[in-house]
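Coordinate analysis (summary)
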Amino acid sequence: MASLILKPGREKSLLRRHPWVFSGAIGQLNGDPAPGATVDVRAADGAFLARAAYSPASQIRARVWTFDPDEAVDVEFFRRRLAAALARRATPGLAAASDAFRLVHAESDQIPGLVVDRYGDVLVLQVLTAGSEFWRETLADLLLELTGVRAIYERSDADVRELEGLQPRTGLLRGLVIDSRIVIQEYGLKFTVDIATGHKTGFYLDQRANRNRVGQLAAGRDVLNCFCYTGGFSIHAARGGAKSVVSVDTSADALVAGQENAALNGIQAEGLEWLEADVFTALRKFRDQNRSWDLIVLDPPKFAPTAAQAEKAARGYKDINRLAFKLLRPGGILTTFSCSGGIDAALFQKIVASAALDAGVEAQIVEYMAQGPDHPVSIHFPEGAYLKGLVCVRGGLVVAKR
Ligand code: SAH
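All values derive from a computational prediction rather than experimental measurement.

Some points on the pairing of strand β14 (residues 222-226)
- Judged by how many residues are buried, β14 sits mostly within the fold: five of five residues are covered.
- Every second residue of β14 is oriented toward a common face, with Asp222, Leu224 and Cys226 on one face and Val223 and Asn225 on the other, all of them buried.
- Pairing of β14 with strand β15 (residues 244-249), which is carried by five bridges, proceeds in the parallel orientation. Within β15, the position partnered with Asn225 by the bridge is Ser247.
- You can see the chain leave β14, run along helix α7 (residues 232-239) and come back into β15, and the turn it takes is right-handed.

A word on the site of the ligand
- Taken together, 15 residues form the shell around the ligand, and within it Arg211, Asp249, Asp278, Val279 and Asp299 come nearest.
- Between the ligand and Arg211, the relevant distance is 2.8 Å, taken from an oxygen atom to a side-chain nitrogen or oxygen of the residue.
- Within the side chain of Asp278, a nitrogen or oxygen atom sits 2.6 Å from a nitrogen atom of the ligand.
- Taking 580 Å² as the accessible area of the ligand by itself, protein coverage stands at 90%.
- Looking at the shell around the ligand, its residues break down into eight nonpolar, three polar and four charged.

Some remarks on the packing of helix α9 (residues 279-288) against helix α10 (residues 310-327)
- As a packed pair, α9 and α10 sit with axes 10 Å apart at the nearest point and diverge in direction by 25°. When the axis of α9 is compared with that of α10, the two are roughly parallel. Remark: the crossing between α9 and α10 carries left-handed chirality. Residues Val279, Phe280, Leu283, Arg284, Phe286 and Arg287 of α9 lie in contact with α10, whose contacting residues are Gly316, Asp319, Ile320, Arg322, Leu323, Lys326 and Leu327.
- In the contact of α9 with α10, the residues fall into seven nonpolar, one polar and five charged.

A closer look at the sheet that holds strand β5 (residues 48-54)
- Across the sheet, six strands lie side by side as β2-β6-β5-β4-β1-β3; this open sheet has mixed pairing. The open sheet has two edge strands, β2 (20-22) and β3 (26-30), and neither has a second partner. Averaged over all pairs of adjacent strands, the angle between their axes in this sheet comes to 35°, without regard to strand direction.
- Both strand β1 (residues 3-6) and strand β4 (residues 38-42) contribute to a ladder of three bridges, which runs parallel. Residue pairing across strands places Ile5 opposite Arg42, the latter belonging to β4.

Points about the domain arrangement of the chain
- Domain annotation for the chain reports domain 1 (3-66), domain 2 (75-182) and domain 3 (204-398).
- Spacing between the C-alpha centres of domain 1 and domain 2 amounts to 25 Å.
- When domain 1 packs against domain 2, close to 1100 Å² is buried across both sides, 63% of that on carbon and sulfur atoms.
- Per-residue buried area on domain 1 facing domain 2 is highest for Gly36, Arg63 and Trp65; these three make up 51% of the total on that side.
- At the junction of domain 1 and domain 2, the tally comes to two salt bridges.
- The partner of Arg63 in a salt bridge is Glu164, with the nearest N and O atoms 2.7 Å apart.

Definitions and cut-offs
- Residues numbered from 1 in each chain as written.
- Predicted model: local features only at pLDDT ≥ 70, side-chain atom pairs only at ≥ 80, totals over all residues.
- Heavy atoms only, no water.
- Buried < 20%, exposed > 50% of the residue type's maximum accessible area, 1.4 Å probe, protein only.
- Helix = DSSP H or I, 4+ residues; strand = E, 2+ residues; numbered from the N terminus.
- Pairing = 2+ DSSP bridges.
- Right-handed = clockwise from strand over helix to strand, strands pointing away.
- Near = heavy atom within 4 Å.
- Polar contact = N/O pair within 3.5 Å; in protein donor to acceptor, adjacent residues only side chain to side chain.
- Areas by Shrake-Rupley, 256 points an atom, 1.4 Å probe, with all protein chains shown as cover.
- Nonpolar A, V, L, I, M, F, W, Y, C, P; charged D, E, K, R; others polar.
- Axes fitted to C-alpha atoms, helices over the stretch in contact; angles between N-to-C directions.
- Parallel < 35°, antiparallel > 145°, perpendicular 65-115°, else oblique.
- Left-handed = near helix turned anticlockwise from the far one by under 90°.
- Contact = heavy atoms within 4.5 Å.
- Domains from an automatic or database assignment.
- Buried area = accessible area lost by both parts, 1.4 Å probe.
- Salt bridge = Lys/Arg side-chain N within 4 Å of Asp/Glu carboxyl O.

See below:
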């Protein structure tokens, strides 16, 4: 088997079972492995460290399949890994809340580069790295066998594939022709998910429990849902007894889907306002119009995929949070999220604090939110904890508004 020999002293992160080998840590490559092929990773003294997928195009030159020198990477290996991932989903009773959830969360389920989401009896698969691309057919066969679903649809069209030297690919991978629009249920609400054209694999499954929680907080409140996509938080809020809900997104298609989702759940169109607008602009306009709300949700897209973009992203987060605090009535609730890998929970909290300071308001954090249990975090891969949320209650003004 081909092998990567690390530079002296560069074995530390692998000894802590972190699954990535960066190009700069590699002293020597023995053999000529194809992209995605399995290589042994060894310390400078030749000691075995891990068995990994080789990715010649990426700065993350290898991703670990196993740290066990006696474990072969073959069909049986992936059967064990997938079965373990499925078993983890059984424990927290996810199926009771929804028939749509993440079955495989890549590195966090010890299958780097593979994301699998379940929507009813269809799986949507995302292959993000050279290693998972190498095993794609095997993984599809095993997933079909282990889950008994009707079809597997591929959405390998995420930008990160480019870093691995892979072209985007989408389409039906297993099963017969299917309707790409699937109606899922989430805490008793219905949502139509378009697995062919929707964002990511079709739906933001990581926010399921937080949407439900916002529904519980919404009774009797005027709600503003920023970055609403297909209306997830809006419809939970409406069912929860919100007085009114304004939903803002730049995507016209998402707003149409949001209105359809409201109708699907028998929610009256009056009281719901759908606004196609840039949130940064809309919040300023609301401020100039002196509009205000009792509950605001901010769930923006990733402003900082990696730490390199953290500074610019921080300015974006601070801007929308400052404006939201200003639009919030005293006693109002701000539910604010970041899904940026480059901004950790502590930094996000600091950004929101400085937004409150600039808005001149007092606020208390009453709840911390995160991704749901179907998006587990490997204890050795803290990067997997990407979604953080704060529920803040606004107090009074502490300084005069500028
Ligand atoms: N809260 C949603 C998911 C939000 S994803 C849910 O629970 O399903 C982020 C959304 O922000 C996407 O729908 C995207 O179209 C939208 N978006 C991105 N940039 C935006 C901007 N500047 N203004 C308004 N919407 C934006």
